[in-house]
Amino acid sequence: MDPGNPTNHFHMTAEPPPARRSVCVRCARPTPVCLCEKLPAQPITTRTQIVIVHHPHEANHKLSTVPVLTKCLLNSTTIITRRLRQGLSPLLDQFPPAIYLFPPTNPSSPAVTLSSLIQDNTPPVLIVFDATWKHAKEMVSTSEGFLSKFATRVCLDYDESVSGGSIYDSELILRKEPYGGCVSTMEAVARALRVLEPNGIEIERTLIEVLREMVRLQARYLKPMKPRPKLLKKGKEKDSMENSKGSEPSISL
């Protein structure tokens, strides 16, 4: 190389960009986790109209069950927003008889359990919120002014005293939940349609089979979640320390 000749330089060959992974054209999932074999041949028709309120942060989350759910159910729509209000859904703007699925957060926000829901002949609208539990609580809180005009809050049967699970100790839960009974959006809809639809048991079975396969495939690519000690409230922490005197320390997992 002649340093005096500016045209004389090394020629470097650029590396080709990494090949994009193939994506299934039907289920829109990467080929290794394709769900087409488990998806219903045709989207399931329901009397119930399902409206999924999708938090913007969840829209591209790889563990979201919403895209799969909407491919399974014909009468389902998705609204990407942090707060429900008029102007976002022509269906909800009509104030139809509706229920929205979310557990009670305080005495001023009660919820009827789905198992005790009294049905009539009016095809209901089912509204579900898809987000992390922190975001979902915020979404419900900011949306209740609008929802209170036409919708009733209902919840699945659950137990707050039981810790939630993860994908590694339940075949149906994709992420850590706050307590037992709290499940993914897809499973929550499946449980609700079991009660709301005449052929609800069959619909629930189909949706759960798809979800089970999704979890099985996705589990191959997830790292195990490390268990974390439960955080004790200040009062309980003091009692725990007093009770543990004279014994070996232990951690409740």
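Calculation criteria
- Residues numbered from 1 in each chain as written.
- Predicted model: local features only at pLDDT ≥ 70, side-chain atom pairs only at ≥ 80, totals over all residues.
- Heavy atoms only, no water.
- UniProt positions renumbered as here; feature names shortened; annotations may be inferred.
- Salt bridge = Lys/Arg side-chain N within 4 Å of Asp/Glu carboxyl O.
- Helix = DSSP H or I, 4+ residues; strand = E, 2+ residues; numbered from the N terminus.
- Buried < 20%, exposed > 50% of the residue type's maximum accessible area, 1.4 Å probe, protein only.
- Pairing = 2+ DSSP bridges.
- Contact = heavy atoms within 4.5 Å.
- Axes fitted to C-alpha atoms, helices over the stretch in contact; angles between N-to-C directions.
- Core = buried A, V, L, I, M, F, W, Y, C linked by side-chain atoms within 4.5 Å.
- Polar contact = N/O pair within 3.5 Å; in protein donor to acceptor, adjacent residues only side chain to side chain.
- Phe/Tyr/Trp six-rings, centres within 6.5 Å; stacked < 30°, edge-to-face > 60°.

- The protein chain carries the name tRNA-uridine aminocarboxypropyltransferase in an unreviewed UniProt entry, which gives Carya illinoinensis as its organism.
- The protein chain has a UniProt comment under Sequence similarities (unreviewed entry) that states "Belongs to the TDD superfamily. DTWD2 family."
- As its UniProt record puts it under Catalytic activity (unreviewed entry), the protein chain is described as follows: "a uridine in tRNA + S-adenosyl-L-methionine = a 3-[(3S)-3-amino-3-carboxypropyl]uridine in tRNA + S-methyl-5'-thioadenosine + H(+)".

**Comments concerning the pattern of salt bridges**
Phase 1 of the analysis: A complete count under the given rule lists 6 salt bridges for this structure.
Phase 2 of the analysis: Among the ionic pairs, Glu144 bridges to Arg153, the shortest N-O distance being 2.7 Å.
Phase 3 of the analysis: With a closest N to O distance of 2.6 Å, Arg194 and Glu204 form a salt bridge. Of this pair, Arg194 sits in helix α3 (residues 185-196) while Glu204 is found in helix α4 (residues 200-218), placing the two residues 10 residues apart along the sequence.
Phase 4 of the analysis: By relative accessible area, which is 41% here, Arg194 ends up partly exposed.
Phase 5 of the analysis: Here the residues in one salt-bridge network are Glu187, Arg191, Arg194 and Glu204, joined through shared partners.

**Remarks on the sheet that holds strand β2 (residues 76-80)**
Phase 1 of the analysis: Pairing in this open sheet of 6 strands is parallel, and the strands run β2-β1-β5-β3-β6-β4 from one edge to the other. Where the open sheet ends on each side, the last strands, each with one partner, are β2 and β4 (112-113).
Phase 2 of the analysis: The pairing of strand β3 (residues 98-101) with strand β5 (residues 125-130) spans 4 bridges and is parallel. Opposite Ile99, over in β5, you have Leu126 as the bridge partner.
Phase 3 of the analysis: Helix α2 (residues 133-147) contacts β1 (49-54), β3, β5 and β6 (151-155) of the sheet and is inclined by roughly 155° relative to β5.

**Here we look at unusual backbone geometry**
Phase 1 of the analysis: If you check the backbone angles, Ala28 has positive phi at about 60° while not being a glycine.
Phase 2 of the analysis: Structurally, the position occupied by Ala28 is in the segment before β1.
Phase 3 of the analysis: On the basis of relative accessible area, Ala28 is assigned to the exposed category, the value being 52%.
Phase 4 of the analysis: In the Ramachandran plot, Phe95 falls in the positive-phi region, its phi being about 55° despite a non-glycine side chain.
Phase 5 of the analysis: Its place among the elements puts Phe95 in the loop between β2 and β3.

**Thoughts on the nonpolar core**
Phase 1 of the analysis: If you look at the biggest cluster of nonpolar residues, it comprises 37 residues, and the most contacted ones within it are Val68, Cys72, Leu73, Leu126, Met186 and Leu207.
Phase 2 of the analysis: Those elements that place two or more of their residues in this core are β1, α1 (66-72), β3, β5, α3 and α4.
Phase 3 of the analysis: If you tally residues by element for this core, the top one is α4, at 8 residues.
Phase 4 of the analysis: Among all residues touching Leu73, those that are not within four sequence positions of it are Pro43, Ile44, Thr46, Ile50, Val189, Leu193 and Leu207.
Phase 5 of the analysis: With 19 residues, the next largest nonpolar core counts Val51, Leu92, Phe102 and Ala136 among its residues.

**Comments concerning the environment of Arg47**
Phase 1 of the analysis: For Arg47, the location among the structural elements is in the segment before β1.
Phase 2 of the analysis: C-alpha separation for the pair Arg47 and Pro198, spaced 151 residues apart in sequence, amounts to 8.8 Å.
Phase 3 of the analysis: Reaching out from Arg47, the side chain makes a polar contact with the backbone oxygen of Leu196 at a distance of 3.3 Å.

**Thoughts on the packing of aromatic side chains**
Phase 1 of the analysis: Within this structure, the stated rule accounts for 4 aromatic pairs.
Phase 2 of the analysis: When the ring of Phe95 is compared with that of Phe150, the centres are 5.5 Å apart and the planes differ by 15°; the resulting orientation is stacked. Of this pair, Phe95 sits in the loop between β2 and β3 while Phe150 sits in the loop between α2 and β6, and the two are 55 residues apart along the sequence.
Phase 3 of the analysis: For Phe150, a relative accessible area of 11% puts it in the buried group.
Phase 4 of the analysis: Three or more aromatic residues joined by ring pairs make a cluster, and in this case those are Phe95, Phe146 and Phe150.

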